[in-house]
Amino acid sequence: MGTQTGSEAEAFYPSDEEIEKWMINAFKMARDALENGEVPVGCLLVHEDQVVGRGRNEVNQSKNATRHAEMVALDQLLDWCRQSSLDVKSVCERTALYVTVEPCIMCASALRLLNIPVVVYGCSNERFGGCGSVLDVSSANLPQTGTTFKCVSGHRAEEAVEMLKTFYKQENPNAPKPKPRKD
Ligand SMILES: [Zn+2]
């Protein structure tokens, strides 16, 4: 993406209050995903105290395996930049992602390509995690693939894991509804 001028954006860290505030919303979105038969992941992209993108997983609804929460939110961010006539790179360099589950390899790569510097997430993603669990896309030395990003992990991790467990217990959400339980 463009030429690197050497003036790498300073990484910034959100405060505990900011994390608390934004993650509440990310978790609400994850719960909405769960209630709609989607992998329970929710996220927000926050630029200068303003939400510029939000998303929850919508793979089943869209029948498109790439529609992870982060991709949905990144598309909104790009629209927002277009509408505000702002440069994508300079916006992204000052934007943090708040997400309930560690971004997968695909999403971590997208975040690199868009130069998002900070990702706050809840639980780790044991199956597909791109921030250390399976691969370390977030910090790998890949000069042709955007910039590395910092991770702040563990916020309400247990709750995020519980939601994932609930989802995977339901098996295939596209399958017919199971028969009502006889008590
Ligand atoms: Zn993903």
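Conventions used here
Residues numbered from 1 in each chain as written. Predicted model: local features only at pLDDT ≥ 70, side-chain atom pairs only at ≥ 80, totals over all residues. Heavy atoms only, no water. UniProt positions renumbered as here; feature names shortened; annotations may be inferred. Phe/Tyr/Trp six-rings, centres within 6.5 Å; stacked < 30°, edge-to-face > 60°. Buried < 20%, exposed > 50% of the residue type's maximum accessible area, 1.4 Å probe, protein only. Lys NZ or Arg CZ within 6 Å of the ring centre and 35° of its normal. Donors = N, O, S within 2.8 Å, 3.2 Å for Na, K, Ca; no water. Helix = DSSP H or I, 4+ residues; strand = E, 2+ residues; numbered from the N terminus. Salt bridge = Lys/Arg side-chain N within 4 Å of Asp/Glu carboxyl O.

- As annotated in an unreviewed UniProt entry, the chain is tRNA-specific adenosine deaminase 2 from Pleuronectes platessa.
- In the Function (unreviewed entry) part of its UniProt record, the chain is described as follows: "Probably participates in deamination of adenosine-34 to inosine in many tRNAs."

**Some details on the packing of aromatic side chains**
Stage number 1. By the definition in use, this model includes 1 aromatic pair.
Stage number 2. A ring pair is formed by F167 and Y168, whose centres lie 5.1 Å apart and whose planes are at 80°; its orientation type is edge-to-face.
Stage number 3. By relative accessible area, F167 is classed as buried at 5%.
Stage number 4. Given a relative accessible area of 34%, Y168 falls into the partly exposed group.
Stage number 5. One residue, R94, lies across the ring of F12, its end atom 4.7 Å from the ring centre.
Stage number 6. Here R156 stacks its cationic end above the ring of F27, 4.2 Å away from the centre of that ring.

**Looking at the coordination of the zinc ion**
Stage number 1. Every protein donor of the zinc ion is listed here as H68 (ND1), C104 (SG) and C107 (SG), and their distances to the metal cover 2.1 to 2.3 Å.
Stage number 2. All donors of the zinc ion belong to a single chain; written as a sequence motif, their spacing is H-x35-C-x2-C. Highlighted residues: H68 in the loop between α2 (59-62) and α3 (69-83) and C107 in helix α5 (residues 105-113), separated in sequence by 39 residues.
Stage number 3. Under the relative-accessibility criterion, C107 is labelled buried at 0%.

**Overview of the pattern of salt bridges**
Stage number 1. Scanning the model with the defined rule gives 8 salt bridges in all.
Stage number 2. Among the ionic pairs, R56 bridges to D32, the shortest N-O distance being 2.8 Å. Placement of R56 in strand β2 (residues 50-56) and of D32 in helix α1 (residues 16-35) is noted, with a sequence separation of 24 residues between them.
Stage number 3. Taken together, the salt bridges that share partners define one network made up of R31, R156 and E159.

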